[in-house]
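# Understanding the architecture of this molecule
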Amino acid sequence: MKFGPVPIDEAEGAVLAHATEAGERRFRKAHRLSADDLSALKAAGISEVVAAVLAPDDLGEDAAAERIAAGMSHRNVEARPAATGRVNLHAEAAGVFTVDRAMIDAINAVDPTITIATLAQHAPVEKGQMVATVKIIPFAVAGSLVDRVARICADGEIFAVNAYRPMRIGVIQTMLPGVKPSVLDKTLRITEARLTRSGSHLTAERRTPHEVAPVAEAAAALVRDNDMVVIFGASAMSDFADVVPAAIEHAGGSVVRAGMPVDPGNLLVLGTLAGKRIIGAPGCARSPKENGFDWVLDRLIAGLDVTAGDIAGMGVGGLLMEIPTRPQPREPSPKREGAGPKVEIVLLAAGRSSRMGGPNKLLALFDGKPLVRRAAERALGSRASSTIVVTGHQRERVLATLSGLDVILADNPDFADGLSSSLKAGIAKVSADAAGAMIVLGDMPGVSSADLNRLIEAFRRSGGRSVVRAAHDGRRGNPVLLPRSLFGAIAHLEGDTGARHLVEAGGLDVVDVEIGNAASVDVDTREALEGAGGVLQD
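Residues numbered from 1 in each chain as written. Predicted model: local features only at pLDDT ≥ 70, side-chain atom pairs only at ≥ 80, totals over all residues. Heavy atoms only, no water.

Okay, the overall build of the protein chain next. The helix and strand tally for the protein chain stands at 16 helices and 31 strands. Taking the principal axes of the C-alpha coordinates as reference, the protein chain spans close to 90 × 65 × 35 Å. Relative to its full complement of 538 residues, the protein chain shows a buried share of 50%. Taking contacts inside the protein chain between residues at least 6 apart in sequence as the whole, the part at least 24 apart equals 71%. Within the protein chain, the 65 negative side-chain charges are centred at a point lying 4 Å from the centre of the 59 positive side-chain charges. (Helix = DSSP H or I, 4+ residues; strand = E, 2+ residues; numbered from the N terminus. Buried < 20%, exposed > 50% of the residue type's maximum accessible area, 1.4 Å probe, protein only. Contact = heavy atoms within 4.5 Å. Lys, Arg positive; Asp, Glu negative; His and termini not counted. Charge placed at Lys NZ, Arg CZ, Asp CG, Glu CD.)

Attention now moves to the environment of Ala384. Along the polypeptide, Ala384 turns up in the loop between α10 (371–380) and β25 (386–391). C-alpha separation for the pair Ala384 and Lys342, spaced 42 residues apart in sequence, amounts to 7.3 Å. In contact with Ala384, not counting residues within four places along its chain, are Val343, Glu344, Ile345 and Ile456.

Attention shifts here to helix α8 (residues 292–301). When you tally the buried positions in α8, you get 10 out of 10 residues, the bulk of the element. Of the residues making up α8, those classed as buried are Gly292, Phe293, Asp294, Trp295, Val296, Leu297, Asp298, Arg299, Leu300 and Ile301. The distance from a side-chain oxygen at the start of α8 to the backbone nitrogen of Phe293 is 2.9 Å, and the residue carrying that oxygen is Asn291. Residue Gly303 follows α8 closely and has a positive phi angle near 80 degrees. (Polar contact = N/O pair within 3.5 Å; in protein donor to acceptor, adjacent residues only side chain to side chain.)

The next thing to look at is unusual backbone geometry. Put simply, Asp263 and Pro264 share a cis peptide bond, and its omega is 5 degrees. Within the secondary structure, Pro264 sits in the loop between β19 (254–258) and β20 (269–273). Put simply, Asn478 and Pro479 share a cis peptide bond, and its omega is 5 degrees. Its location among the elements puts Pro479 in strand β29 (residues 475–483). Phi at Ala274 takes a positive value of approximately 55 degrees, unusual for a residue other than glycine. As for its placement among the helices and strands, Ala274 is situated in the loop between β20 and β21 (276–281). Unusually for a residue other than glycine, Asp367 sits at a positive phi of about 55 degrees. Along the chain, Asp367 turns up in the loop between β23 (365–366) and β24 (369–370).

Further remarks concern the pairing of strand β28 (residues 467–472). In terms of burial, β28 is a largely internal element, six of the six residues being buried. Every second residue of β28 is oriented toward a common face, with Val467, Arg469 and Ala471 on one face and Val468, Ala470 and His472 on the other, all of them buried. As judged from the five bridges shared by β28 and strand β30 (residues 510–514), these two strands associate in the parallel manner. Considered in β30, the bridge of Arg469 is made with Asp512. Sheet analysis places β28 next to β29, joined by four bridges and oriented antiparallel. For Ala471, the partnering residue across the bridge sits in β29 and is Arg476. Counting the residues that bridge the hairpin from β28 to β29 gives two residues, and of these Asp473 lies at a positive phi of roughly 55 degrees. (Pairing = 2+ DSSP bridges.)

A word on helix α3 (residues 101–108). Along α3, the residues classified as buried are Met103, Ile104 and Ile107. Projection of α3 onto a plane perpendicular to its axis shows the buried side chains occupying an angular sector of 100 degrees, all on one side. In this structure, α3 carries Arg101 and Ala102 as exposed residues pointing more than 90 degrees from its buried face. Residues of α3 that are buried sit in contact with β10 (95–99), β11 (114–118), α4 (143–153) and β15 (157–163). (Arc of directions from axis to C-beta.)

Turning next to the packing of helix α2 (residues 61–70) against α4. When two helices pack together, their arrangement is captured by the angle between the axes and the distance separating the axes. Relative orientation of the contacting elements α2 and α4 amounts to 15 degrees, with a least axis distance of 9 Å. One finds that α2 runs roughly parallel with respect to α4. For the element pair α2 and α4, the recorded crossing hand is right-handed. Judged by residue contacts, Ala64, Arg67 and Ile68 of α2 engage Val146, Asp147, Val149 and Cys153 from α4. (Axes fitted to C-alpha atoms, helices over the stretch in contact; angles between N-to-C directions. Parallel < 35°, antiparallel > 145°, perpendicular 65-115°, else oblique. Left-handed = near helix turned anticlockwise from the far one by under 90°.)

One can find Phe139 in the loop between β13 (130–136) and β14 (140–142). Phe139 gets classed as buried once you look at its relative accessible area, which sits at 13%. For Phe139 and Ala17, which are 122 residues apart along the polypeptide, the C-alpha to C-alpha distance reads 8.3 Å. Aside from chain neighbours lying at most four places away, what touches Phe139 is Met1, Phe3, Val15, Leu16, Ala17, Lys29, Ala30, Ala52, Leu59, Gly60 and Glu61.

Shown next, in the form of structure tokens:
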């Protein structure tokens, strides 16, 4: 591939490096130029373009990324369609991520034009979460390089999501004088919440004196009807012959490892009893914050073996005292409506409907109701904390259709400048304590309150830090929920530029939520509006 200025007469088949305008036509970046395109560029007085000229063996960025992704062997992972030289791979199930680092390193060593990035080894993931991304840096790459990567991928499984296998868990809590029942009750609630992420259940509890024989007896009884037993000692383990490890052996089991190089979590005990795992939980497991107990518990429920050597190898990265808790909530118990990171909706209703040739599409009737009111009511019916409506073109008429609705109004006097001006006006009204803003287009009649709720819940599951985007058959669509970290970048948008640029350039995780055809149906033209069941008003 050659990159640089190319005379127009030699540019057929070249890939544009920058968006280029030729009269009323606009060619996007990465557009491959045809003979007709060259005629339009010449007519506009353009004599050369900055472009990439592909060699016969070169593969375009999307084709190369897709070929690499298709050659990978993985489990419970779905590759999404390529875009801008990138293929994102997402978890098909909740579980624990494992990756062959040697294969990843070998791929990244082939050539800087080809990259692959993944989550960390043994990272917990939720269904739909992105776990890896293949990115081709230039517009094209030599086919021979892609072939080298394919040979590496053929060596075996490159990564996997080891799906959680819901388990029945029995719990033992030991007691000493002075231990409050409320502490034991809280431990149960936190443990139940911890198990929710994997679909596991706490099925039975025994409370015993903090003595070897009673604990051993309870463990032997619980292990018969459960897949795993967890013991919470009233006193922390102070010796490898202390009550919990001694009780495991007294019951006929064996201790795999007592003590771990993870802090908090040092005092964990791992054993086996009757062919099943038994964990002596460290005191920090009474808290929902991430600790070494989580690392062992998640892997076991995902069907991964945990050996003494595995635990001994957890020291690097095992200092958790000053590290924020992981992005996924550790207590995904059922929440009341509206709980979690605060989300507000910005409903864009300022456009001129220029492609309609006159009538305002937002005032078109759908089932007898103006489209903009229908969109506002669905936003208000969602779990968003508030709805901001951005007005501009025919402001008074739009406001009249919203009469009586509890919405926040944001006037955009610069609506003629393009979409970016409406985004700025809407974001300026978002509350200071909101974690994210969902950008909803006023001309998408199929998006329901339930669809909006699905995006909000996905955003909350990400800890309020990911971009969440509606999708249809794997293709990106709208609405899009932006985390607060992107708000500052919106102030720098110009012209008819929307959120897509920010999503692609922001470097944040993107969670795509399938909502069906509603994600891709807008009503920019008369034909589209009437086809969707709308009736234009003068």
